[in-house]
Amino acid sequence: MNYKELAKTIITNVGGEKNIQSLTHCATRLRFNLKDDSKPQESTLKHTPGIMGVVNKGGQYQVIIGSDVGNVYNEITAQTNLTSDQETEEDDRGRVAKIIDTITGIFTPILPAITAAGMLKAVLSLLVVFNVLTAESQSYQILNFMADAAFYFLPILLAASSAQKFKANMYLAMMVGGILLHPNFIGMVTAVNESGGGIHLFGLPISPVTYSSSVIPIILSVWFMSYVEPIADKVSPKAIKFFSKPLLTIFVVGTVALVALGPLGYMISEAISAGIQALETVSPWIVPLLIGAFTPLFVATGTHYGLVPIGINNRMTTGYDTVIYPGMLASNVSQGAAAIGVGFKSKDSTIKQLAFSAGLTGLFGITEPALYGVNLRFKTPLYAAMIGGGFGGLFMGIMRVRNFSGGSPGLLTLPSYIGDDTLRHLTNACIGAAISIVVTFIATLFLYKDPVTEEAPEATPADKEQEPTHQISGAEIKAPLKGELKSLQAVNDGMFSEEILGQGVAIEPTVGEVLAPVNGTVTAVFDSKHAIGLTSEEGIELLIHVGIDTVQLNGEGYAYQVEKGQKVTVGDPLITFDIEFIKEKGYPVITPIVITNSAEVGDILTANSGPITFGDQIIKVIG
């Protein structure tokens, strides 16, 4: 995949850099906050190779990339002056959208640390269950505190991400987190809880509660700091602002955090935990059932991040989560199973390849490729996934399956259900996941059908006289260049070598001229003049891409001989290019010739590699 070109396309089609307020990314998506949501060219983005889908929900314009999202994000930031904490000039989004965006922005950056800690705890539990380690061994104790580090110091991690979201000083925010976790404060709390008495700061009472592994207190404190810091800046004399501003900020925020916001956040956390426990007592299956069934819709809108804090809070207050993560496990594996079911049922080779690949990642916990690439696209697999996820969530709710350490819900994180010195929760989690997979797979086989083109009404004799006589089957494509014929696998660009854009061949040219390989119409030209799109009279859509990464030349060394919309016949000049100039600039001149609508034209035969000249047959459509 050409990350530079894809990044450039995305920047242009979201309305340009000036339309972007800020940009972050998660495991699979670019998350834009845009000034004007009407400016993006959504249709262009959705049909851009490398982009799986586009979602404008939850106050964010989300471009789904997949596992390559980090590389595309890096290219976008390299080509722009954007940062994730860029100032927002105006924000007229709805209140709910702002809240969802804030939650997403705070929790997304810390997920890798939480996932790493959770998986390390899961591995440690597994080692204990199978008697590889004992809880008394030093190895266990070291691995245990390594795993506990991210959970214990969670307020400091959240302080950093909250500061970025609330536009506050990150290091002062982390200091507030350190205040809540300081050993001396914890010692005072322990002493008060054991012997009675109280804690006071200048007569102000401080609640004797501990904040290790807490979530809400530090978020409230950093939010408060985002208002205090500008005031401290304004009242500080310029000559001493360097130290007076942070002094005033920390004194005020630290005091309010210990006296008011910390205890308030602690009470909210306890209330949420108590509510979940009460719900469990009445009907423990309701929430996992709903989450198992409807998480695909939450993911599609980006609102699933609103559930993540609840799951984390549950584990931090009670030691385990019985509603959010079990339900998400059922949903995620169902998404993967639905895509795999499509792969088994479909007779289209392109759909099969996409479905199996996306299905595997879905089973492992990353569902966007399956959701956007397959399930939402064909609708019926989505319904099957919701059915299977609901059944799996129902089972795990009834069995009160407990998740002890989080992670991205999927088969790879099943060890996170090991805890309480038993394998019972792991066993039931495996059964619940199996129920989700089996039910979804069977439902997909019943519901899914390959998309078909609607049959036209029977033609009248007059219509038949006007019908074109051309047929795709048997159509031929001639060589547009002279040189050495090669397979697409020889092209050092995954978009071509992995046939993401379609099937075809490549030619290493020896003459700098491209001739028309078919009779048809010029349907696409580019400012960089390095490529051209054609549609043959039979309906075959061709892309001829002269060189790799040559878009960077901005048209130097290239010249079009035709215009968009022009009719051409085999052998007409299309492009001239300077081979030596392109090579001197460091770009390969190998030229892919790709049928971009391969899935529609049927099977194709390609000529064997070797010397090729203008007009030789290189591709034949056989069905």
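Residues numbered from 1 in each chain as written. Predicted model: local features only at pLDDT ≥ 70, side-chain atom pairs only at ≥ 80, totals over all residues. Heavy atoms only, no water.

A.B. asks: Please provide a residue-by-residue account of the pairing of strand β9 (residues 503-509), values included.
C.D. replies: Extensive coverage of β9 is indicated by the burial of 5 of its 7 residues. In this structure, strand β8 (residues 483-487) lies alongside β9, joined through 5 bridges in antiparallel fashion. From the neighbouring strand, Lys486 faces β9, where its bridge partner is Ala506. As judged from the 5 bridges shared by β9 and strand β17 (residues 591-595), these two strands associate in the antiparallel manner. Bridging from a neighbouring strand, Gly504 pairs with Val594 of β17. (Buried < 20%, exposed > 50% of the residue type's maximum accessible area, 1.4 Å probe, protein only. Helix = DSSP H or I, 4+ residues; strand = E, 2+ residues; numbered from the N terminus. Pairing = 2+ DSSP bridges.)

A.B. asks: Mind laying out the sheet that holds strand β20 (residues 617-621), listing which residues take part and the relevant values?
C.D. replies: Either a parallel or an antiparallel arrangement is found when strands of a sheet pair, and the pairing is made through backbone hydrogen bonds. As summarised here, the arrangement of the 3 strands in space is β7-β20-β18, forming an open sheet in which the pairing is antiparallel. At either margin of the open sheet sits one strand with a lone partner, and together these are β7 (476-478) and β18 (604-606). Between one strand axis and the next, the sheet turns through 15° on average, direction left out of account. Judged from the 3 bridges that link them, β7 and β20 form a sheet pairing that is antiparallel. In the sheet register, Lys478 faces β20, and the bridge partner there is Gln617. (Axes fitted to C-alpha atoms, helices over the stretch in contact; angles between N-to-C directions.)

A.B. asks: Residue-level account of the sheet that holds strand β10 (residues 513-515), with values.
C.D. replies: In spatial order, the strands read β10-β16-β14; together these 3 strands make up an open sheet with antiparallel pairing. What marks the edges here is a single partner per strand, and that holds for β10 and β14 (558-560). Between one strand and the next, the sheet's axes are offset by a mean angle of 15°, whatever the strand orientation. Note that β10 and strand β16 (residues 573-577) share 3 bridges and pair antiparallel. In the strand pairing of β16, Leu515 is matched with Pro573.

A.B. asks: With reference to specific residues and values, describe unusual backbone geometry.
C.D. replies: Here Lys167, not a glycine, exhibits a phi torsion of approximately 60°, which is positive. One can find Lys167 in the loop between α7 (154-166) and α8 (170-181). In this structure Lys167 comes out as partly exposed when scored by relative accessible area, which is 37%. Located in the positive-phi region is Arg400, a residue other than glycine, with phi close to 55°. With respect to the secondary-structure elements, Arg400 resides in the loop between α17 (380-398) and α18 (424-447). Since its relative accessible area comes to 39%, Arg400 is described here as partly exposed.

A.B. asks: Go over the packing of helix α14 (residues 324-345) against helix α16 (residues 368-378) with me, naming the residues and quoting the values.
C.D. replies: Running from amino to carboxyl end, α14 crosses α16 at an angle of 40°, the nearest separation of the two axes being 9 Å. Between α14 and α16, the angle is such that the two are oblique. The two elements α14 and α16 meet at a crossing, and its hand is left-handed. Here α14 contributes Gln335, Ala338, Ala339 and Val342 to the contact with α16, which in turn contributes Ala370, Leu371, Val374 and Asn375. Residue classes in the contact of α14 with α16 are distributed as 6 nonpolar, 2 polar and no charged. (Parallel < 35°, antiparallel > 145°, perpendicular 65-115°, else oblique. Left-handed = near helix turned anticlockwise from the far one by under 90°. Contact = heavy atoms within 4.5 Å. Nonpolar A, V, L, I, M, F, W, Y, C, P; charged D, E, K, R; others polar.)

These figures capture arrangement, not role.
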